[in-house]
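Descriptive structure summary
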Amino acid sequence: MPYATTGSRLPAPPARPLCARATVVAAAGGALVAAGQTVASAFGMSAAPTAEESYARIAASAMLPVSEMRTGDPTAPAVTSAIGGEQLSSTGSVPSLDPGAEVDVANLTKAARLGEEAAKVDEEKDAALAKGAPQAVVYDGIPYTLPTRGQFTSGFGGRWGVTHYGIDLAAPIGTPIYALTDGVVEKAGPASGFGMWVVLKHTDGTSSVYGHINRALVEVGQEVKAGDEIAEVGNRGQSTGPHLHLEVWEPDGSKVNPLPWLSERGINVTGPAKAEAESEVDSGSSGSEDSSRA
């Protein structure tokens, strides 16, 4: 029997046959466990998970949404909702809007279109006014201006036994005259009775006539826009004083009263003689002689 150097007696190592028996017993136990797992699987019973499997399940659960409940696997760890998670809907969907609050796409489209049209109108008016015209409007999509800054002195109709086919706006010689609306210059230069004139043909087929001008600033064939300066007020021809004689012709050449024509489009001709001139149109008689030269 051997002894330790310290004098303590050590237990003797097991005999070789005993070690062999322990090994056999351990192997048999492992086989029994494996057999038990096989039998459990055969009868639908699940064996206890290993440590690695448990860790894997915990890691997977940590990445699940707080609203998701895992009930398929009884061995999976319970998932704890985050703070405030109970306020979320079980389905995780966003509640639908009240039908009464739904957006009307058609109305939005219409509003956008009207906004664009209003912006275009403002742009055209500003463009005409920027050139100096005293008034500017847009009627049926077409811009119009008051042709000059002058005092209304005479209207359309019978006057002194003859017919006056336009209106007169008195102003100093050299006062700018602006295009009534968009058009093309048909005539520019000398004219019988008027001394000098400018005639514009407009896109709707009507024409506007500017008589007794001092000088023309445009040429025949030139395109002009509403508010463009086309001439200067003058006193040429058979005139009683510096003024613009304005006429409006229909496409068939007939001459119409410019006052209601302008008023319909939103252009107001103001002046102390306006009411008197309008009363003359209502009560005066028409003559056969053309007095448009005055």
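Keep in mind that this is a model prediction, so the values were computed, not measured. (Residues numbered from 1 in each chain as written. Predicted model: local features only at pLDDT ≥ 70, side-chain atom pairs only at ≥ 80, totals over all residues. Heavy atoms only, no water.)

A separate point is the overall build of the protein chain. Scanning the protein chain for helices and strands turns up five helices and 15 strands. Pairs at least 24 residues apart make up 58% of the contacts formed inside the protein chain by residues separated by at least 6 positions. As displayed, the protein chain offers around 17,900 Å² of accessible surface, 57% of which is attributable to carbon and sulfur atoms. (Helix = DSSP H or I, 4+ residues; strand = E, 2+ residues; numbered from the N terminus. Contact = heavy atoms within 4.5 Å. Areas by Shrake-Rupley, 256 points an atom, 1.4 Å probe, with all protein chains shown as cover.)

A separate point is the pattern of salt bridges. As enumerated under the stated definition, the model contains three salt bridges in all. One salt bridge in this structure joins R215 and E232, with 3.0 Å as the shortest N-O distance. Taken together, the residues span a long stretch of sequence, with R215 in strand β11 (residues 213–216) and E232 in strand β13 (residues 229–233) at a distance of 17 residues. Linking R265 and E264 is a salt bridge whose minimum nitrogen-to-oxygen distance equals 3.6 Å. The exposure class of R265 is buried, given its relative accessible area of 12%. (Salt bridge = Lys/Arg side-chain N within 4 Å of Asp/Glu carboxyl O. Buried < 20%, exposed > 50% of the residue type's maximum accessible area, 1.4 Å probe, protein only.)

Taken over all residues, the pLDDT of the protein chain has a mean of 73, while the share at 70 or more is 56%. This stretch, residues 1–8, has a pLDDT under 50; its non-local contacts, to residues over four places away or in other chains, come to four contacts. Here residues 272–293 is modelled with pLDDT under 50, and outside its nearest four sequence neighbours on either side it reaches 39 contacts, counting other chains as well. (pLDDT = per-residue confidence, 0-100.)

This part takes up the pairing of strand β1 (residues 136–139). With four bridges joining them, β1 and strand β2 (residues 142–145) adopt antiparallel strand pairing. Paired with A136 across the strands is T145, a residue of β2. Taking the residues between adjacent antiparallel strands as the criterion, β1 and β2 are bridged by two residues, where D140 takes a positive phi near 55 degrees. (Pairing = 2+ DSSP bridges.)

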